[in-house]
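Coordinate inspection notes
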Amino acid sequence: MFFNLAIKSLLSRKGSVLLTLMAMTVSVFTLFAVEHIRYQAKENFANTVSGVDLIVGARTGSLNLLLYSVFHIGSPTNNVSWDTAEEITQNPNVKWVVPIALGDSHKGYRVTGTTAEFFEYFSYGNKHKLAFKQGRAFSEIFDVVVGADVAEKLSYAIGDEIILSHGVASTSFSRHDDKPFRIVGVLARTGTPIDQSLYVSLQGIEAIHIDWQQGVKIPGRNVTVEQINQLELVPESVTALMVGLNAKMATFRVQRQINDSTKEPLLAILPGVVLSELWQMMAVLENTLLLVALLVFVAALLGLSAMLLSSIRDREHEIKLLRVIGAPPYFLFLLIQLEALFITILSLVLGASLLVFALLVSQDFLVSQFGLHISSNILSQSALYFGGGIIIASILIAIIPSMKAYSKAKA
Amino acid sequence: MTINLKNVRFQYPDSPDKPVLDIPSWSVAPQEHVFVQGPSGGGKSTLLNLLSGMSVATRGEVSILGKKLDKMSGRQRDKFRAAHIGYVFQQFNLIPYLSPVENIELATHFAKHGKKNETLNAIEALLAKLNISSEHWHKKTIHLSSGQQQRVAIARALINKPELLIADEPTSSLDQDNRDNFMSVLMSLVDENKATLVFVSHDKSLSQYFSRIDALSDINCGSEAS
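Residues numbered from 1 in each chain as written. Chains lettered and ligands numbered in written order. Predicted model: local features only at pLDDT ≥ 70, side-chain atom pairs only at ≥ 80, totals over all residues. Heavy atoms only, no water.

In the nomenclature of an unreviewed UniProt entry, chain B is known as ABC transporter ATP-binding protein of Aliikangiella marina. One UniProt comment on chain B, placed under Sequence similarities (unreviewed entry), says "Belongs to the ABC transporter superfamily." (UniProt positions renumbered as here; feature names shortened; annotations may be inferred.)

The name given to chain A in an unreviewed UniProt entry is ABC transporter permease, with Aliikangiella marina as the source organism. Word for word, the UniProt comment on chain A under Subcellular location (unreviewed entry) is "Cell membrane".

See below:
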């Protein structure tokens, strides 16, 4: 009876209730969206690389180096010469070096030239090694390994032949179409930019550029695949190096040695440190967003309270009537609270559903534009706290109109 | 006695010298039908609020069905009113967004008696007796005519079989035909329920339905004095 009364009373004031509900829904959506994306982006960034002690590239900003080498965002300013790469490998503190060469793409997905050791040493998240869903690492010059998203979106399978393009634009007119690559492996999903990448050997990168100069194909020069297989392909330079050390203790020493190198201007970064620097920079933005979302929510709550308060003036007869048939004053207090609670819970459900829907729709866009994997599963501990907080806040603010109804009933 | 007032005084705190109501003595016997005639502003609503336990006398004794309302707590008075007193207003007798059946059910909810099924049967029987056609039973009361609304109000007031029915100008918003119709069903249902009726109106022509007619000005010395 009580619930029925509250629901029908709300339904009888469709106009103002609907508008209040919309305001609440929008605010819940904003609040959840900010919290969810904030959390997910943080997880995402933090999980992208682990097990790599240093990243070495041409001298640039440390953030820039991290972004282009790991997140495939932006472009490298310069390369690292192969001699230097060899030299770093010789350093007694260095356990392994995985070079990466960027600059080519396939249908908008970036191609990384590297060595087979990449699959052995690179890890993400909580020290997860890369795993093959199907196939194996590349061994021949024209072998390619594709990330999970690439395989899924372009429906590729082992044995398919693909053409790489020069440059990183999604529509490239310079295609390496004379030298197709064959897919030999598909990586398991990682939730990192690796899913949107293709991996070939450094020799493969050299091979497709052998008859190119300054980014264009030289007409008339055509080196055949047979000829290439005869050649000893050594790259002149690579984009960056991922370095693993024998002992963590040596990290800062090796970093200083590389940064102080006089042969070539180099920069060595600790990915974890730069990630947290990046995160500190984002913290201000993040907190500002959260503050704005909270203010939007407070405004919506005040709107809810104002709507209920003004409804009480129109319901004086109703209150008198309920009193005369025996409703105690606290019944009216609870009735208004229940109405507020209905609106809040409904707006929670609507706002959360709207967010899940929006995330599902924008997932591909976020991945392709920002390399952000935002899960559409918004259930998390903090979301539960937020939901609980929203309900408590609405109960508190609804005390104002509820007390009004109570005092009207008392009079 | 169904109603027994002794030395009842009611005044607002801000004007203690001018009591709105000052009744040395007034009583109504069981099953008596009393017509209280008086203009609005003569302490009429104050009297009805005291009788129904909506407010408490400043001093004096208000006893209804032998129970002293002034000795009860607010919650006890609410329960007592729900179970033993029916009330019909001039208008706004029903919650507009509920159906007649729901409105009447709400009244039984606070009196808390009877089973849901029995209650529904009783409600439908009562509505049929009041000449409300069944097509309106489950539609919002806002769509009913004022005559129909006042008749549903009788059902709502009588569903808990109250010993006392208070009617406050219930016919003022009705035209002649509806008024006669309302009065005849009201009187017959009150008789059937063996209820005591206190009917307040300024309209003397209605006094024909009553055996006892009291002028409010004769009962209330307070208002006269002011």
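So, next bit.
**What to know about the overall build of chain A**
Along chain A, the regular secondary structure elements total 14 helices and 17 strands. What you see for chain A is a C-alpha radius of gyration of 30 Å, clearly larger than the 22 Å of a compact globule of 411 residues, by over 25%. Referenced to the eigenvectors of the C-alpha coordinate spread, the extents of chain A come out at roughly 100 × 45 × 35 Å. Of all intrachain contacts in chain A linking residues separated by at least 6 positions in sequence, the fraction that spans at least 24 positions is 78%. Summed over all atoms, the accessible surface of chain A reaches about 19,400 Å², with 61% contributed by carbon and sulfur. On chain A, the mean spot of the 31 positive side-chain charges and the mean spot of the 32 negative ones are 17 Å from each other. (Helix = DSSP H or I, 4+ residues; strand = E, 2+ residues; numbered from the N terminus. Rg over C-alpha atoms; globule rule 2.2 N^0.38 Å. Contact = heavy atoms within 4.5 Å. Areas by Shrake-Rupley, 256 points an atom, 1.4 Å probe, with all protein chains shown as cover. Lys, Arg positive; Asp, Glu negative; His and termini not counted. Charge placed at Lys NZ, Arg CZ, Asp CG, Glu CD.)

**Digging into unusual backbone geometry**
Residue and element names in this part refer to chain B. In the Ramachandran plot, Asn7 falls in the positive-phi region, its phi being about 50 degrees despite a non-glycine side chain. Tracing the backbone shows Asn7 in strand β1 (residues 3-10). Note on Asn7: relative accessible area 46%, which makes it partly exposed. One non-glycine residue, Leu65, adopts positive backbone phi at about 55 degrees. Secondary-structure assignment places Leu65 in the loop between β4 (59-64) and β5 (67-68). (Buried < 20%, exposed > 50% of the residue type's maximum accessible area, 1.4 Å probe, protein only.)

**Brief notes about the interface of chain B and chain A**
Across the boundary between the two partners, chain B contributes 20 residues, which contact 21 residues of chain A. Together chain B and chain A conceal approximately 2,100 Å² of surface at their shared face, both sides included; 69% is due to carbon and sulfur atoms. Looking at the side of chain B facing chain A, the largest losses of area belong to Met54(B), Tyr97(B) and Phe110(B), adding up to 30% of the total buried there. Remark: the boundary between chain B and chain A carries two salt bridges. When the shortest N-O distance is used, the salt bridge between Arg323(A) and Asp78(B) registers 3.0 Å. Taken together, chain B and chain A are joined by six residue pairs in polar contact (both at pLDDT 80 or more). For the side of chain B that touches chain A, the leading source of residues is helix α3 (residues 100-111) of chain B, giving six residues. Per-class residue counts for the side of chain B that touches chain A are twelve nonpolar, two polar and six charged. (Buried area = accessible area lost by both parts, 1.4 Å probe. Salt bridge = Lys/Arg side-chain N within 4 Å of Asp/Glu carboxyl O. Polar contact = N/O pair within 3.5 Å; in protein donor to acceptor, adjacent residues only side chain to side chain. Nonpolar A, V, L, I, M, F, W, Y, C, P; charged D, E, K, R; others polar.)

**What to know about helix α5 (residues 146-158) of chain B**
Between its terminal C-alpha atoms α5(B) stretches 18 Å, which fits the 18 Å expected from 13 residues at 1.5 Å a residue. Of all 13 residues that make up α5(B), eleven are buried, and the element is covered over most of its length. Listed as buried for α5(B) are Gly147(B), Gln148(B), Gln150(B), Arg151(B), Val152(B), Ala153(B), Ile154(B), Ala155(B), Arg156(B), Ala157(B) and Leu158(B). On the buried face of α5(B), the contacting elements are α11 (316-324) of chain A together with β6 (85-88), α3, α4 (116-129), β7 (164-168) and α6 (176-192) of chain B. (Expected span 1.5 Å × (residues − 1).)

**Quick word on the nonpolar core**
With 118 residues, the main nonpolar core has Leu322(A), Trp26(B) and Leu51(B) as its most contacted residues. By residue number, the principal contributor to this core is helix α12 (residues 329-370) of chain A, which donates twelve residues. Dropping the residues within four chain positions of it, Trp26(B) is found in contact with Ile3(B), Asn4(B), Leu5(B), Val34(B), Val36(B), Leu51(B), Val198(B), Arg212(B), Asp214(B) and Ile219(B). Listed in part, the 33 residues of the second largest apolar core include Val70(A), Val145(A), Tyr199(A) and Ile269(A). (Core = buried A, V, L, I, M, F, W, Y, C linked by side-chain atoms within 4.5 Å.)

**Quick word on the environment of Ile345(A)**
Residues and elements named next belong to chain A. Along the chain, the position of Ile345 falls in helix α12. By relative accessible area, Ile345 is classed as partly exposed at 39%. With 320 residues separating them along the chain, Ile345 and Thr25 place their C-alpha atoms 9.6 Å apart.

**Describing the sheet that holds strand β9 (residues 212-215) of chain B**
Residue and element names in this part refer to chain B. With respect to topology, five strands assemble into an open sheet ordered β6-β7-β8-β3-β9, the strand pairing being parallel. Looking at which strands have only one partner, the edges of the open sheet turn out to be β6 and β9. On average, adjacent strands in this sheet sit at an angle of 15 degrees to one another, irrespective of strand direction. (Pairing = 2+ DSSP bridges. Axes fitted to C-alpha atoms, helices over the stretch in contact; angles between N-to-C directions.)

**Notes on the packing of aromatic side chains**
Residue and element names in this part refer to chain A. Going through the model one piece at a time under the given rule, you end up with 18 aromatic pairs over all chains. Ring centres of Phe119 and Phe132 lie 5.2 Å apart, and the angle between their planes is 50 degrees; this geometry places the pair in the tilted category. Here Phe119, found in helix α5 (residues 117-121), pairs with Phe132, found in strand β7 (residues 132-135); they are 13 residues apart in sequence, far enough to count as distant. Judged by relative accessible area, Phe132 falls into the partly exposed class, the value being 28%. (Phe/Tyr/Trp six-rings, centres within 6.5 Å; stacked < 30°, edge-to-face > 60°.)

**Things to note about a nonpolar patch on the surface**
Residue and element names in this part refer to chain A. Taken together, Met281, Met282, Leu285 and Leu289 make up a surface patch of nonpolar side chains, about 390 Å² in accessible area. With respect to the helices, strands and loops of the structure, Met282 is situated in helix α10 (residues 271-314). Overall, Met282 belongs to the partly exposed group, its relative accessible area being 31%. (Patch = residues over 30% accessible without salt bridge, like charges linked within 9 Å, V, L, I, M, F, W, Y side chains within 5 Å.)

**Some points on the pattern of salt bridges**
According to the stated counting rule, one finds 24 salt bridges over all chains in the structure shown. Between Arg81(B) and Asp78(B) there is a salt bridge, with the nearest N and O atoms lying 2.6 Å from each other. Of this pair, Arg81(B) and Asp78(B) both sit in helix α2 (residues 74-84), three residues apart, roughly one helical turn. When sorted by exposure, Arg81(B) lands in the same class as Asp78(B), which is buried. What you see here is one network of salt bridges that share partners, running through Arg13(A), Arg315(A), Glu318(A) and Glu339(A).

**Considerations on the domain arrangement of chain A**
Residue and element names in this part refer to chain A. Each assigned domain of chain A is listed with its residue range as follows: domain 1 (2-45 + 280-410) and domain 2 (54-269). Computed from C-alpha atoms alone, the centre-to-centre distance between domain 1 and domain 2 is 49 Å. In this assembly, seven residues from domain 1 lie in contact with nine residues from domain 2. Summed over both sides, the interface of domain 1 with domain 2 buries roughly 610 Å², with 61% coming from carbon and sulfur. (Domains from an automatic or database assignment.)

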